[in-house]
Amino acid sequence: MEEVEILPRDSYLHTVNITQVPCTLQWWFTTKRKNIDFGLFQRKANGSGDEGASLAGSVSETTGGAMSIGRQRGLSHFKLQDRGAVELMALKHYESSKSTIKGSWHATEPGAYVLYFDNSFSKNTSKRLSFCVAVKEEEAKEEAK
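Nothing here was measured: the structure is a model prediction, and the numbers come from that model.

Peer 1: A description of the packing of aromatic side chains should follow, citing residues and the corresponding values.
Peer 2: All chains considered together, the criterion is met by nine aromatic pairs. Relative to Phe117, the ring of Phe29 has its centre 5.2 Å away and its plane inclined at 80 degrees; by these criteria the two rings are edge-to-face. Of this pair, Phe29 sits in strand E3 (residues 23-31) while Phe117 sits in strand E9 (residues 111-118), and the two are 88 residues apart along the sequence. Residue classification places Phe117 among the buried residues on the basis of a relative accessible area of 1%. Judged by centre distance (5.5 Å) and plane angle (40 degrees), the rings of Phe117 and Phe131 are tilted.

As structure tokens, then:
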């Protein structure tokens, strides 16, 4: 389990490079006090520009409350989009200090998957983030002849 401190008006990006697909990217996170925003992005490995295909995965979120709040997004969010990253899961505010937030994404394409933890909405409070990320490889299904 990793632990980082995210300063007020700042964000933290954790990149996972996936080369073997299909697989499932799993994560767990919690904050010691207060809450945080979280989103998932993908940068394509081959740079083909076919951004729509990367949305073919499925999302499974468990535990913890998530509520969509219209917040101003952090500067890192725009930098990710400028670098050709595709938003797989929109930023949401999670009550991560009350329970562990668990989620997963079924990756069908290789590339760099970016877990984006955003504290840019906080003016004064740093967040102590503890998180764990795992990649569960799946065997490709054989095509029927």
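Peer 1: Break down the pattern of salt bridges for me, with residues and values.
Peer 2: Counted by the stated rule, this structure contains three salt bridges. Put simply, Glu3 and Arg128 hold a salt bridge, and the shortest N to O gap is 3.7 Å. Separated by 125 residues along the polypeptide, Glu3 in strand E1 (residues 2-6) and Arg128 in strand E10 (residues 127-137) bring together distant segments of the chain. What makes Glu3 partly exposed here is its relative accessible area of 43%. A salt bridge links Lys98 to Glu95; its shortest N-O distance comes to 3.9 Å. Ionic contacts of the salt-bridge type, sharing partners, join the residues Glu3, Glu5 and Arg128 into one network.

Peer 1: Would you mind going over the pairing of strand E4 (residues 36-44) in detail, with residue names and values included?
Peer 2: E4 sits mainly inside the fold: eight of its nine residues count as buried. Sheet analysis places E4 next to strand E7 (residues 86-94), joined by six bridges and oriented antiparallel. The residue bridging Leu40 from the neighbouring strand is Met89, located in E7. Where E4 and E9 come together, eight bridges link them in antiparallel fashion. If you follow Phe38 over to E9, its bridge partner there is Phe117.

Peer 1: Hey, could you go over the nonpolar core for me, with residue numbers and the actual values?
Peer 2: Ranked by size, the top nonpolar core spans 23 residues in total, and within it Trp27, Phe29 and Phe117 carry the most contacts. The set of elements that each furnish at least two residues to this core consists of E1, strand E2 (11-18), E3, E4, E7, strand E8 (101-107), E9 and E10. Leave out the neighbours within four places in its chain, and Phe117 touches Ile6, Ser11, Tyr12, Phe29, Ile36, Asp37, Phe38, Leu129 and Phe131. Core analysis: the second largest hydrophobic core is formed by five residues, Ala85, Leu91, Val114 and Tyr116 among them.

Peer 1: Can you lay out the side chain of His93 for me, pointing to particular residues and giving the numbers?
Peer 2: With respect to the element layout, His93 can be found in strand E7. A polar contact of 2.6 Å, which involves the side chain of His93, links it to the side chain of Asp37.

Peer 1: Tell me what's going on with unusual backbone geometry, and back it up with residues and numbers.
Peer 2: Residue Val21 is joined to Pro22 through a cis peptide bond whose omega torsion reads 0 degrees. Relative to the helices and strands, Pro22 is located in the loop between E2 and E3. For Arg9, which is not glycine, the phi torsion reads 60 degrees and is therefore positive. Within the secondary structure, Arg9 sits in the loop between E1 and E2. Look at Arg9 and you get exposed, because its relative accessible area is 52%. With a phi angle near 65 degrees, Lys34 is a residue other than glycine that sits in the positive phi range. Structurally, Lys34 is set in the loop between E3 and E4.

Scoring rules and cut-offs
- Residues numbered from 1 in each chain as written.
- Predicted model: local features only at pLDDT ≥ 70, side-chain atom pairs only at ≥ 80, totals over all residues.
- Heavy atoms only, no water.
- Phe/Tyr/Trp six-rings, centres within 6.5 Å; stacked < 30°, edge-to-face > 60°.
- Helix = DSSP H or I, 4+ residues; strand = E, 2+ residues; numbered from the N terminus.
- Buried < 20%, exposed > 50% of the residue type's maximum accessible area, 1.4 Å probe, protein only.
- Salt bridge = Lys/Arg side-chain N within 4 Å of Asp/Glu carboxyl O.
- Pairing = 2+ DSSP bridges.
- Core = buried A, V, L, I, M, F, W, Y, C linked by side-chain atoms within 4.5 Å.
- Contact = heavy atoms within 4.5 Å.
- Polar contact = N/O pair within 3.5 Å; in protein donor to acceptor, adjacent residues only side chain to side chain.

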